[in-house]
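Summary of structural features
Each chain, letter by letter, is given below.
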Amino acid sequence: MIKIAPSMLSADFSILRDELKSIEQAGADYLHIDIMDGHFVPNLTFGAPIVKAIRPHTTLPFDVHLMVTNPADYVEEYAKIGVEYFTFHQETVPHIHRLIQQIKANGMKAGVALNPGTPVATLEDVAADLDMILIMSVNPGFGGQTFIPRAVEKVKQAKILLETMGNHDAVIEVDGGINDITCIPIKDAGATLLVAGSAVFCAQDRANMIESIRNN
Ligand code: DX5
Ligand code: ZN
């Protein structure tokens, strides 16, 4: 079963509580939360205080995607708020293995994200420990960008890597440019959790769009 995580980045922030209710009712499985620091990526979004403030206002589990240069500094803070997936970028951390252990020790699931230019093979030595591999299908920083087709091949590689390492539980998430058309090859390749920001939030009928991404 494919799961869908609408990205809050494309929500109307002035009515955030209503936006969360709307996607919850439209059938979302997770809320994807993009934390950007203006250093690792050329954009600044929001941080833990906002995530904490919205936690009581939705039943959706939180899928937090940290696009920051120092993700280790935030592990405890997000664990206390109550997030399910804590995902950091491979490109930001010299001690990936240590950070994965730290995330799990704090009771969260550990995800590692890969930029379009970062090979899947860089995760070979931690693949057995991961709860999620996040394949970026755009360069991180903004919503509404065009899907990079090479991501399809990387999803296949991630699937093979996880199987080879005996990890049958980890999720393969894809993030960037996902809509009711680009979702098709990505699902065929083995992705199990799809992020969709602009496609869901800008849709006339959000429930219909989530349904189409899930079932197309
Ligand atoms: C990009 C973010 C994405 C973004 C996706 O840096 O990580 O989660 O919000 O937005 P769409 O689906 O519009 O590409
Ligand atoms: Zn994201």
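Everything quoted here is computed from the prediction, not taken from an experiment. All chains use their own residue numbering, which begins from 1 and follows the written sequence. As a convention, the first chain written is A and the first ligand written is 1, with the rest following in written order. pLDDT decides what is reported in this predicted model: residues at 70 or higher carry local features, side-chain atom pairs at 80 or more are listed and counted, and totals for whole chains, interfaces and linings draw on all residues regardless. Side-chain numbers come from the whole structure's heavy atoms, not from hydrogens or water.

A few points about the coordination of the zinc ion (ligand 2)
Applied cut-off: Distances up to 2.8 Å from the metal define which N, O and S atoms are donors, and 3.2 Å serves for Na, K and Ca; water is absent from the atom set, so sites may look incomplete. Angle rules define the geometry names used: all angles between 85 and 135 degrees makes four donors tetrahedral, while opposite donors over 155 degrees apart and all other angles between 65 and 115 make four donors square planar and six octahedral, leaving every other case irregular. Secondary structure elements follow DSSP: runs of H or I no shorter than four residues count as helices, runs of E no shorter than two count as strands, and numbering proceeds from the N terminus. Only protein chains enter the accessibility calculation, which uses a 1.4 Å probe; a residue is then buried when its area is under 20% of its type maximum, exposed when over 50%, and partly exposed in between.
Of the protein atoms, only His-32 (NE2), Asp-34 (OD), His-65 (ND1) and Asp-175 (OD) coordinate the zinc ion (ligand 2), at distances of 2.0 to 2.3 Å. Angles of 71 to 170° at the metal separate the six donor atoms of the zinc ion (ligand 2), which places the site in the octahedral class. Written as a sequence motif, the donor arrangement for the zinc ion (ligand 2) is H-x1-D-x30-H-x109-D. Within this pair, whereas His-32 is found in strand 2 (residues 31-36), its partner Asp-175 is found in strand 7 (residues 171-175), the two being separated by 143 residues in sequence. Residue His-32 shares its accessibility class with Asp-175, and that shared class is buried.

Describing the pattern of salt bridges
Here the idea is simple: oppositely charged side chains can pair when their charged atoms come close. What counts here: Criterion for a salt bridge: a side-chain nitrogen of Lys or Arg within 4 Å of a carboxyl oxygen of Asp or Glu.
Here the structure, examined in full by the defined rule, presents four salt bridges. Among the salt bridges present, the one from Arg-206 reaches Glu-19, with a minimum N-O distance of 2.9 Å. With Arg-206 in helix 8 (residues 206-215) and Glu-19 in helix 1 (residues 16-25), this pair connects stretches of sequence that are 187 residues apart. Arg-206 sits in the buried class, given a relative accessible area of 16%. Under the relative-accessibility criterion, Glu-19 is labelled buried at 7%.

Considerations on helix 5 (residues 150-164)
The criterion, for reference: Working rule for helices: expected span equals 1.5 Å times residues minus one. The criterion used for residue contact is that any of the two residues' heavy atoms lie within 4.5 Å.
For helix 5, which comprises 15 residues, the first-to-last C-alpha distance of 22 Å matches the rise-based estimate of 21 Å (1.5 Å per residue) to within 8%. Among all positions in helix 5, only Ala-151, Val-152, Lys-154, Val-155, Ala-158, Leu-161 and Leu-162 are buried. Where helix 5 is buried, its residues touch strand 5 (109-114), strand 6 (132-136), strand 7 and helix 6 (183-189). At the C-terminal side of helix 5, Gly-166 shows a positive phi close to 75°.

Here we look at the side chain of Thr-87
If you trace the backbone, Thr-87 turns up in strand 4 (residues 85-89). In this structure, Thr-87 is in contact with Asp-63, Val-64, His-65, Leu-66, Gly-111, Val-112, Ala-113, Met-132 and Leu-134, ignoring residues within four places of it in sequence.

Observations regarding the site of ligand 1
For clarity, the cut-off: We call a residue near a molecule or strand when any one of its heavy atoms sits within 4 Å of it. Side-chain atoms alone can form a polar contact between residues adjacent in sequence; in general such a contact is a pair of N or O atoms within 3.5 Å, and within protein one must be able to donate a hydrogen while the other accepts it. Each accessible area is a Shrake-Rupley estimate made with a 1.4 Å probe; only the visible protein chains count as cover when residues are assessed. Here a cavity denotes a set of grid points, spaced 1 Å apart and computed over the protein atoms alone, in which a 1.4 Å probe fits but from which it cannot get out, and a pocket denotes an open set meeting protein on both sides within 12 Å along at least five of seven lines; residues with an atom within 4 Å of a point are reported as lining. Being in a pocket or cavity means that more than half of the molecule's atoms lie within 2 Å of its grid points. Each residue gets one of three labels, nonpolar for Ala, Val, Leu, Ile, Met, Phe, Trp, Tyr, Cys and Pro, charged for Asp, Glu, Lys and Arg, and polar for the others, Gly among them.
Among the 20 residues in the neighbourhood of ligand 1, the closest are listed as Gly-141, Gly-144, Asp-175, Gly-197 and Ser-198. Between Gly-144 and ligand 1, the recorded distance is 2.8 Å, taken from a backbone N or O atom to an oxygen atom. The separation between an oxygen atom of ligand 1 and a polar main-chain atom of Gly-197 is 2.7 Å. In isolation ligand 1 exposes 380 Å². Once the protein is present, 100% of that is buried. Taken atom by atom, the bulk of ligand 1 overlaps the largest pocket. For the shell around ligand 1, the secondary-structure elements that each account for two or more residues are strand 2, strand 3 (62-67) and strand 8 (193-196). Considering every element that reaches the shell around ligand 1, the biggest residue donor is strand 2, with three residues. Counted by class, the shell around ligand 1 contains eight nonpolar, ten polar and two charged residues.

Quick word on the nonpolar core
Keep this limit in mind: Nine residue types can take part in a nonpolar core, namely buried Ala, Val, Leu, Ile, Met, Phe, Trp, Tyr and Cys, and a core is a set of them joined through side-chain atoms within 4.5 Å.
Grouped together as the largest cluster of nonpolar side chains are 67 residues, with contacts concentrated most on Tyr-78, Ile-135, Ile-186 and Leu-194. With six residues, helix 5 is the single largest residue contributor to this core. Beyond its immediate stretch of four places on either side in the chain, Tyr-78 contacts Ile-35, Gly-47, Ala-48, Val-51, Val-64, Leu-66, Val-83, Phe-86 and Met-108. Tyr-30, Ala-113, Met-136 and Leu-193 belong to the second-largest nonpolar core, a separate cluster that totals ten residues.

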